[in-house]
Amino acid sequence: MDQLRAMRVFAAVIEAGSFNGAATVLRLSPAAVTRHIAELEDHLDARLINRTTRRLALTDIGEAYLEKARQILMQVDEAEALASSAGREPRGVVRVLAPPAFAVHQIAKHLPRFHACFPKVSLELTVPGAVQAVDESQNVTILMVDDSALQGEFVARRLARSEGILCAAPEYLLRREVPGHPRELGSHVALLPAGAARPRELTFRRSAGREPTEIFRVVPQPSALHTHHVDSHYAAALAGLGIAGLPSFVVEEALLEGALVRLLPEWTVFTVMLYAAMPTRRHIPVRTRAFVDFLIETFGGEDRDPWLLSAGCETQVAEAPALAPASTPALQNL
């Protein structure tokens, strides 16, 4: 008896819910499927499946054996995939789902280097809007969450942390006094998310160590622009419309060039962690691994903000509590 083969047939029978269904999936005859199960039960000297005219039901030992068998089969498949991909040049399409702002300001600008390293790999990039969960139809989903919100049946690799940056154009600041404390924001024009008929209260935290030493809440005056589109806020801030709160990965270059000025650097509005998440599968294609490893190498893969560090700015990463996108409306369509 081929025990691994019998294990696969047994698992297929349970997944299909019938001997005939498993026969179709495995491209075997129903008689062959029946024979494999009978031989496996004889080998184990235990009944795994109770058969009735209407349905199949696992015995207690069958349930325990199925769990172990699936683990063994997964490990075998992973070992075979690893061996077969060794030395193989990555090629093919990697399907990636990403929030629009991250796709525009980060993924796109690093693609030339990725293409130079892996010329036979192409990206199919989907940027529909807010990314709330891992998409099973995609090879990689870029998630922005706090650590407590990272739950689900998927594999996630940390890319970096991004802090929310309060910033404005020098032109705007020439017309108004530069705020030295969040209380002074009440007289400034804030760029707010869409649907804010009344300006939302903003919470600022100033920290020393892990605990906030001061929390301040302010309601800014109404804005001339209401939108969930992050790049519209970014463009409006560059044009001098008002003060915007934007992720560091969006404003990195503007800070470096002096097109935007960071305000209240000792205060934190929000932070998010970025992950490259992959649906749980028995084997992750070598091209997908290559892309995820590239992202980690590019952004550091650590609990820190590489974009603020690149711009030479202070970072509150070690001190500030992270806020989940669900409780931070401005983040929901990044």
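Above: the structure in question.
One structure accompanies this document, and this report is about it. Starting from 1, residues in each chain are numbered consecutively following that chain's sequence as written. For this predicted model, a pLDDT threshold of at least 70 governs which residues receive local features, and a threshold of 80 or more governs which side-chain atom pairs are given and counted, while totals over whole chains, interfaces and linings are taken from all residues. Side-chain measures here rest on the full set of heavy atoms in the structure, leaving out hydrogens and waters.

**Thoughts on the overall build of the chain**
Going by this rule: Numbering of helices and strands runs from the N terminus; a helix is a DSSP stretch of H or I covering at least four residues, while a strand is a stretch of E covering at least two. Exposed residues in this analysis have more than 50% of their type's maximum accessible area, buried residues have under 20%, and partly exposed residues fall in between, with area computed by a 1.4 Å probe over protein chains only. Contact criterion: two residues are considered in contact whenever any of their non-hydrogen atoms come within 4.5 Å of each other. Using the Shrake-Rupley algorithm and a 1.4 Å probe, accessible areas are obtained, with residue cover drawn only from the displayed protein chains.
Each helix and strand in the chain was counted, giving 10 helices and 12 strands. Going through the 334 residues of the chain one by one, you find that 45% of them count as buried. Within the chain, counting contacts between residues at least 6 apart in sequence, those at least 24 apart form 74% of the total. With the model as given, the accessible surface of the chain reaches about 16,500 Å², and the carbon-plus-sulfur share is 52%.

**Some thoughts on the nonpolar core**
Put simply, the rule is: In these notes, a set of buried Ala, Val, Leu, Ile, Met, Phe, Trp, Tyr and Cys residues joined through side-chain atoms within 4.5 Å is what counts as a nonpolar core.
Of all hydrophobic cores here, the largest spans 45 residues; its most connected members are Val 140, Ile 142, Val 251 and Leu 260. Those residues within four positions of Ile 142 in sequence are excluded, and the remaining contacts are Val 96, Leu 97, Ala 98, Pro 99, Phe 102, Ile 107, Val 131, Leu 159, Leu 274, Tyr 275, Ala 276 and Leu 295. Of all hydrophobic cores here, the second largest spans 19 residues; its members include Ala 11, Val 13, Phe 19 and Leu 48.

**Examining the pairing of strand E5 (residues 140-145)**
The test is simple: Two strands pair if DSSP finds at least two bridges between them.
Taken across its 6 residues, E5 has 6 buried, putting it largely inside the fold. Here E5 shows a buried face lined by Val 140, Ile 142 and Met 144 and a second buried face lined by Thr 141, Leu 143 and Val 145. Note: strand E3 (residues 92-97) against E5, 2 bridges, orientation parallel. What sits directly across from Val 96, in E5, is Val 140. Bridge count between E5 and strand E12 (residues 271-279): 5 bridges; the pairing is antiparallel. Across the sheet, Met 144 pairs through a bridge with Leu 274, a residue of E12.

**A few points about the pattern of salt bridges**
When the charged atoms of two side chains with opposite charge come close together, those side chains can pair. Put simply, the rule reads: Any carboxyl oxygen of Asp or Glu within 4 Å of a side-chain nitrogen of Lys or Arg constitutes a salt bridge here.
Considering all chains together, one arrives at 11 salt bridges under this definition. With a closest N to O distance of 3.3 Å, Glu 252 and Lys 109 form a salt bridge. One end of the pair, Glu 252, is in helix H8 (residues 248-257); the other, Lys 109, is in helix H5 (residues 100-117), with 143 residues separating them in the sequence. For Glu 252, a relative accessible area of 10% puts it in the buried group. In this structure, Arg 206 engages Glu 266 in a salt bridge whose closest nitrogen and oxygen atoms are separated by 4.0 Å. Residue Arg 206 is located in strand E7 (residues 202-208), and its partner Glu 266 is located in the loop between strand E10 (261-262) and strand E11 (267-268); the two are separated by 60 residues in the primary sequence. Connected through salt bridges with shared partners, the residues Lys 109, Glu 252 and Glu 253 form a single ionic network.

Read these as geometric descriptors, not functional statements.
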